[in-house]
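Here are the chains, one letter per residue:
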Amino acid sequence: MPGITQKFETSNRPDEWKIEQGMVAAELPVLDMTGPETKTLAPQVFGELTRDDEAIKAVGNRDELFTRERKGWVGFVEWENYPEKKAAAHKILTSQTFPPNPEFQLGPIPATNPVLPGTRWKMWHHEVGGELTQIPDDSWNLVLKEKHQDMLHLLQFPYNGEPPKRLVTDKVITPNNLHFVRNHGGIPIIDKEDYSFVLDGLVKNPQSFTLDDLMDESRFPRVEKLATIQCSGTRRIEQILKYPGQGDEVPQAPWAEGAIGTASWVGISLKKVIKACGGLVDGAEHLEFYGADTYFKDDEAMNYLVSVPWSKVKANEVLLAWEMNGEVLPRIHGYPLRVVVLGYIGARSVKWLYRIKAIKNPTRAPVQSKEYLYFPQQVGKHNLRMSDGIQIQEMPVSSAIMSPWTKQAVIHNGSIRCKGWAYSGGGRWPERVELSMDGGFNWYTVPLDNLSEKRKWCWRTWEYDLPCDVEGWVEIVVRCWDNSLNTQPSEVRTSWNWGLHVTSSCHRISVYSVNKSRPLTKARLDEFEQKGIPFGPITVPLAFPSQSWEEYEAFWAKHDPRDARE
């Protein structure tokens, strides 16, 4: 086979062209222009993994240190009341090194499902050992058992997954097996008969409650709420692809548009449980929720902790739920009991609840003080301080197009069939959804009959045949107006932030429009069909002559001269 066989000398890397074009930007050196001459600073390089077995051995028997603490609670370690346990886990983690975070923002995202395996998190659980040893395998087995076979597994462990676009808005109420999952740790397996949680802290009469206690309708009125839960990372991929930011496969999983779901939740109002404990005392203003999953941050082991203000609880907008869409709460979604905070980011709706503590101020737990923060645009790795971030609570108005997909070619007769969702947090709701096919210059209002029912805590799904006469690349844009007349920023750059949270900008997709109502287009598509040649992909060269020579010559016979006369 002919080819170039002569070798040549070069100082370039084989991927030099891709590096220069930013396609493997993690390899780019940093440019230091602080002096008279520009210098290049090489990126971080990770050496061999190290391990101090003597130091780890000195910590003690991990099966005894982190043994099962409660009958019927598999995979649960109570960290918050035991500083000695935290210290032991910290010693284990700092006595060795682990593989670096995978680079999926300035490098290619793996074409696999699961997309990311969560190698470091699996290793942390195994190294701490004891009750955490089996958690990664147990959690994945529950994913395979409880979730739909077509789920997109963004992170295998801790599990992060969303449904494929075609199924996100297939139903107004999301089936349990298609509801997105954003877990921060492994899934503890807890038996109902052995379950209880405690409500303590700044309450008059701290108490422990079983699930049967909460289900006693003579004590606690039962509540059913249809509510949407949205992850603050929804549509993060748009920020990553244009303007990468803070990197870590767990806080920054590459979510698309499916990190949102709507379910019917049954439980009781947390306000009633606090009342059963005699109410709050000593100036308590926040309720801190403890999850039974183990979370790791900065070489520290901890339980998953967040808090919400008493004002939210007092408004009966915080539920303790044990049922999801008419079924017992799935284990992956928090069985036996979880919190559902209406209108807030999903991170506040703690799963596998084992404690509620009344406190004076917002929790200082890392999940709330170090993560889920919305930073100003000029804050990043170079100048970051936790106090610069706004703690994210209510979700802003947002929307997304589920069909068609970006870069998809669409053959139509003058309108493109679009569908998607719209949502606004904090008890607001979508009032108007608008679509544009020219990048946001002209807008078409989706008729109200094409939107799902209006509810206070819920999304609205929509469908619309968007008029489109033009052909070639078009940019379809969606935006939503809520009942407070809030709408979305125009561009993803406007909502970019170092933490890559809350992509609330107008959702934009590029679609290749092929309008079959035009005679020439119809004739060409008929020719593809007659010859049995697929039309896509559109970038593959045309497989037959676009015009006969007779037609070509006839054209110039009519339209000569080719050059203008003098």
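Everything discussed here concerns the structure shown above.
Residues numbered from 1 in each chain as written. Predicted model: local features only at pLDDT ≥ 70, side-chain atom pairs only at ≥ 80, totals over all residues. Heavy atoms only, no water.

**Observations regarding the overall build of the chain**
Argument step 1. If you tally the helices and strands in the chain, you get 15 helices and 27 strands.
Argument step 2. If you line up the chain on its principal axes, its C-alpha atoms span 100 × 65 × 50 Å.
Argument step 3. Taken over 566 residues, the chain has a buried fraction of 49%.
Argument step 4. Contacts in the chain between residues at least 24 apart in sequence constitute 71% of all its contacts with a sequence separation of at least 6.
Argument step 5. The average position of the 66 basic charges and that of the 73 acidic charges among the side chains of the chain differ by 5 Å. (Helix = DSSP H or I, 4+ residues; strand = E, 2+ residues; numbered from the N terminus. Buried < 20%, exposed > 50% of the residue type's maximum accessible area, 1.4 Å probe, protein only. Contact = heavy atoms within 4.5 Å. Lys, Arg positive; Asp, Glu negative; His and termini not counted. Charge placed at Lys NZ, Arg CZ, Asp CG, Glu CD.)

**Here's the deal with the pairing of strand E17 (residues 353-359)**
Working note: regular strand, side chains alternate between the two faces of the sheet.
Argument step 1. The buried fraction of E17 amounts to 6 of the 7 residues, a majority that puts the element mostly inside the structure.
Argument step 2. When strand E8 (residues 196-201) meets E17, the two strands line up parallel, connected through 4 bridges. The residue bridging Leu199 from the neighbouring strand is Ile356, located in E17.
Argument step 3. Note: strand E12 (residues 286-297) against E17, 6 bridges, orientation antiparallel. Following the sheet pairing, Phe289 is matched in E17 by Ile356. (Pairing = 2+ DSSP bridges.)

**Here we look at the packing of aromatic side chains**
Argument step 1. Summed over all chains, the structure comprises 20 aromatic pairs.
Argument step 2. Geometrically, the ring pair formed by Phe66 and Trp79 is tilted, given 5.4 Å between the ring centres and 45 degrees between the ring planes. In this pair, Phe66 sits in the loop between helix H3 (62-65) and strand E3 (73-74) while Trp79 sits in the loop between E3 and helix H4 (83-94), placing the two residues 13 residues apart along the sequence. In this pair, the class of Phe66 matches that of Trp79, namely buried.
Argument step 3. Ring geometry for Trp73 and Tyr195: centres 5.7 Å apart, planes at 15 degrees, overall stacked. Of the two residues, Trp73 sits in strand E3 while Tyr195 sits in the loop between strand E7 (189-190) and E8, which places them 122 residues apart along the sequence. (Phe/Tyr/Trp six-rings, centres within 6.5 Å; stacked < 30°, edge-to-face > 60°.)

**As for the nonpolar core**
Generally speaking, soluble globular proteins have nonpolar side chains that are buried together.
Argument step 1. Core analysis: the largest hydrophobic core is formed by 116 residues, its most contacted members being Phe197, Leu199, Leu214, Leu270, Val273, Phe289 and Leu320.
Argument step 2. Setting aside residues no more than four positions away along its own chain, Leu214 makes contact with Phe197, Phe209, Phe220, Ile268, Val273, Leu320, Trp322 and Leu337.
Argument step 3. Residues Leu435, Met437, Trp462 and Tyr464 belong to the second largest nonpolar core, which totals 21 residues. (Core = buried A, V, L, I, M, F, W, Y, C linked by side-chain atoms within 4.5 Å.)

**A word on the sheet that holds strand E24 (residues 444-445)**
Argument step 1. In spatial order, the strands read E21-E27-E26-E23-E24; together these 5 strands make up an open sheet with mixed pairing. Either end of the sheet is taken by a strand with one partner, and the two such strands are strand E21 (408-412) and E24.
Argument step 2. Here 2 bridges tie strand E23 (residues 430-436) to E24, and the two strands are oriented antiparallel to one another. Counted as the bridge partner of Glu434 is Thr445 from E24.

**Regarding unusual backbone geometry**
As a rule of thumb, non-glycine residues mostly have phi less than zero, and peptide bonds are mostly trans rather than cis.
Argument step 1. The amide bond that connects Phe157 to the next residue, Pro158, takes the cis arrangement and shows omega of -10 degrees.
Argument step 2. Relative to the helices and strands, Pro158 is located in the loop between strand E4 (152-155) and strand E5 (160-162).
Argument step 3. Here the residue pair Ser403 and Pro404 is connected by a cis peptide bond, since its omega of 0 degrees sits within 30 degrees of zero.
Argument step 4. Here Pro404 lies in the loop between strand E20 (398-403) and E21.
Argument step 5. A positive phi angle, near 55 degrees, is found at Asp282, a position not held by glycine.
Argument step 6. Tracing the backbone through its elements, the reader meets Asp282 in the loop between helix H10 (270-276) and E12.

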